[in-house]
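Report on the structure
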Amino acid sequence: MTTTTVLESYRVAPPPSAAEMTLPFSMFDMMWLRFVHPIRRLVFYDCTCATLEFTDTILFRLKESLSVALKHFPPVAGNMIYHKNKENKPVLRYAPGDSVSLTTAESIADFDELVGNHIRDADIFYDFIPSLPPIEEEDEYKKVPLFAVKVTIFPGRGICIGVANSHCLGDASSIFRFVTMWASICKLAGEDEFLIKESENSPVFDRSAINDPLGIDTIFWKVMKEIPIETSSFPLPTKRVRSTFILSPDDIKKLKEVVLTKKPDLTHVTSFVVSTCYTWACFVKSGDAAGEEATGDVQELLAFAVDVRSRVEPPVPDTYFGNCLAYGYGILKHEQVIGEDGFATAAEVIAGDIKNRVNKKGEVMKGAENWFSDWDMDKFKNIRPFAIAGSPRFDFYGADFGWGRGRKVEVLSIDGEEYAFSLSKWRFPEAGGLEIGISLPEKRMEAFAAMFANGLS
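Structure report, in brief. (Residues numbered from 1 in each chain as written. Predicted model: local features only at pLDDT ≥ 70, side-chain atom pairs only at ≥ 80, totals over all residues. Heavy atoms only, no water.)

Time to look at the pattern of salt bridges. In total, this model carries 23 salt bridges according to the counting rule given. Lys-142 is paired through a salt bridge with Glu-137; the nearest N and O atoms lie 3.9 Å apart. Taken together, the salt bridges that share partners define one network made up of Arg-120, Arg-242, Lys-408, Glu-410 and Asp-415. (Salt bridge = Lys/Arg side-chain N within 4 Å of Asp/Glu carboxyl O.)

Take the packing of helix α8 (residues 249–262) against helix α9 (residues 271–289) next. The contact between α8 and α9 brings their axes to 9 Å, and the two run at 85°. Taken together, the axis directions place α8 and α9 in an arrangement best described as roughly perpendicular. Taking contact as the criterion, the partners of Ile-252, Leu-255, Lys-256 and Val-259 in α8 are, on α9, Ser-271, Val-274 and Tyr-278. (Axes fitted to C-alpha atoms, helices over the stretch in contact; angles between N-to-C directions. Helix = DSSP H or I, 4+ residues; strand = E, 2+ residues; numbered from the N terminus. Parallel < 35°, antiparallel > 145°, perpendicular 65-115°, else oblique. Contact = heavy atoms within 4.5 Å.)

Moving on to the nonpolar core. Generally speaking, a soluble globular protein has its nonpolar side chains buried in company with each other. Counting residues in each nonpolar core, the largest one holds 124 residues, and the members touching the most others are Leu-62, Ile-159, Ile-161, Met-365 and Phe-401. Listed in part, the twelve residues of the second largest apolar core include Leu-114, Ile-129, Phe-154 and Leu-412. (Core = buried A, V, L, I, M, F, W, Y, C linked by side-chain atoms within 4.5 Å. Buried < 20%, exposed > 50% of the residue type's maximum accessible area, 1.4 Å probe, protein only.)

In a regular helix each residue adds 1.5 Å, so 22 residues correspond to 32 Å; helix α2 (residues 51–72) covers 30 Å between its end C-alpha atoms and thus fits that length. The largest bend along α2 measures about 40° and falls at Ile-58. Among the residues of α2, Thr-51, Phe-54, Ile-58, Leu-59, Leu-62, Ser-65, Leu-66, Ser-67, Val-68, Ala-69, Leu-70 and His-72 are the ones counted as buried. (Expected span 1.5 Å × (residues − 1). Bend = angle between axes of the 7 residues up to and from the residue.)

Taken together, six strands build an open sheet; the order of strands is β1-β6-β10-β11-β3-β16 and the sheet is mixed. In the strand order of this sheet, the two ends are held by β1 (4–12) and β16 (408–411), each with one partner. With strand direction ignored, the average angle separating the axes of adjacent strands in the sheet is 15°. For strand β10 (residues 147–154) and strand β11 (residues 158–165), the ladder comprises eight bridges, and the chain directions are antiparallel. Counted as the bridge partner of Val-151 is Ile-161 from β11. (Pairing = 2+ DSSP bridges.)

So, on to the packing of aromatic side chains. Overall, the coordinates contain 32 aromatic pairs when judged by the stated rule. Relative to Phe-111, the ring of Phe-44 lies with its centre 6.1 Å away and its plane at 75°, an arrangement referred to as edge-to-face. Of this pair, Phe-44 sits in strand β3 (residues 39–46) while Phe-111 sits in helix α4 (residues 111–114), and the two are 67 residues apart along the sequence. The pair formed by Phe-44 and Phe-111 is uniform in burial state, with each residue classed as buried. A centroid spacing of 5.2 Å and a plane angle of 65° characterise the contact between Tyr-327 and Trp-371, whose relative ring orientation is edge-to-face. Here Tyr-327, found in strand β14 (residues 325–333), pairs with Trp-371, found in helix α12 (residues 371–375); they are 44 residues apart in sequence, far enough to count as distant. Take Trp-371: its relative accessible area is 6%, and that puts it in the buried class. Members of the aromatic cluster, connected to one another through ring pairs, are Phe-44, Phe-111, Phe-125, Phe-128 and Phe-154. Looking at Arg-242, its charged tip hangs above the ring of Phe-125, at a distance of 5.7 Å from the centre. (Phe/Tyr/Trp six-rings, centres within 6.5 Å; stacked < 30°, edge-to-face > 60°. Lys NZ or Arg CZ within 6 Å of the ring centre and 35° of its normal.)

Moving on, we come to helix α11 (residues 342–358). Between its first and last C-alpha atoms α11 spans 22 Å; for 17 residues at 1.5 Å apiece the expected length is 24 Å, and the two agree. The element α11 is largely enclosed, with a buried count of twelve among its 17 residues. If you check which residues of α11 are buried, you get Gly-342, Phe-343, Ala-344, Thr-345, Ala-346, Ala-347, Ile-350, Ala-351, Asp-353, Ile-354, Arg-357 and Val-358. Structurally, α11 contributes buried residues whose contacts are with α8, α9, β13 (299–307), β14 and α10 (334–338).

Turning our attention to the packing of α9 against helix α13 (residues 442–456). Where α9 meets α13, the axes come as close as 8 Å, and the angle between the chain directions of the two elements is 135°. One finds that α9 runs oblique with respect to α13. Where α9 crosses over α13, the two elements pack in a sense that is right-handed. Here Tyr-278, Thr-279, Cys-282, Phe-283, Val-284, Lys-285, Ser-286, Gly-287 and Ala-289 of α9 lie close against α13, whose contacting residues are Arg-444, Ala-447, Phe-448, Met-451, Phe-452, Gly-455 and Leu-456. (Left-handed = near helix turned anticlockwise from the far one by under 90°.)

Here you go:
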């Protein structure tokens, strides 16, 4: 039985005063051409409005404020121009007439089920996320949409804002700034000039902010242009369940004590390190418990994105809109992670990478011209990756459209990876703590949940 019905589809454009612009792909944008699946994120809100109030009042404010926000962020309404002549690199272009796809829907699905932390079928969330519009074929290039929105009303219960974006458009910092500005304009009924002036939040689009003397963008393009650009689709059926796990401040303190008891000389034992490494250790062990044992000389990899705006010379403005990410990582033998000291060993390797490479200017970008050639080498074929999506720095719960803080955030793009987990602030900011969202086959999720709880008891 269908529980969600599409009400209407719209195209929302910036006002005519929006500036036309064409932005070249930087080296950091070029990296993401190989990732077909967009970033998909849902934010659920408590809201007792009826469908009529939604369509007559709330929807008008959402569309008007989206248009105003697009005036300040024109590339969001634009497209990637992917030239058929591969001698020409792709660009981001906003031209008059470009717009964002916005779909509205009504759902009678169980709102409380959707916003819970317990184990749920991962497939049920795809009713609330938009598809990016299909790629358009022109004579000399392909026009690739980069952003779409879906707003779903649960009458008398809540609203869900679903956003899908190509990573080529921008990193989490960039998308977060856009969504929070849209939300603020909606809440304050369009006082956008005040928001821009007082928050000093005006985005920077100038690609000359990225210093690339080695022409790494060209090096990356030589690899990327061999990968076809295709319209993405939902990874359905996912054959997974998803659940959210909370680490309270007391839990995080306990995890730090465990690490420092075993590794007393270790520095940089942060909340990020212990929360991600504890999740990694539980994840790897859950595979063995669920019958997905490692075979051969398998190594385990934990990878995370690193915002390098402040880590390069010259620094890139904090409000730079686009991609500006490098990576951090740790690699361990499977036996090391599942061992008695696996969590502490994982924390040691990740803390060491952050201290000695990620947080050292000149180190995190060293050898960037070889990133693709290095990571495609045969020596990595026996590595099983586990990636971190998101960051506690970007509090999507705080994107207040006028209904208060979000009730639940779900990152659906982790379904499209081999395995990954989302990391964010807990929805109660005054309480502290972190949320970990993960998507796994059901048997493995049950094993993971048991290990995660037992290790904190």
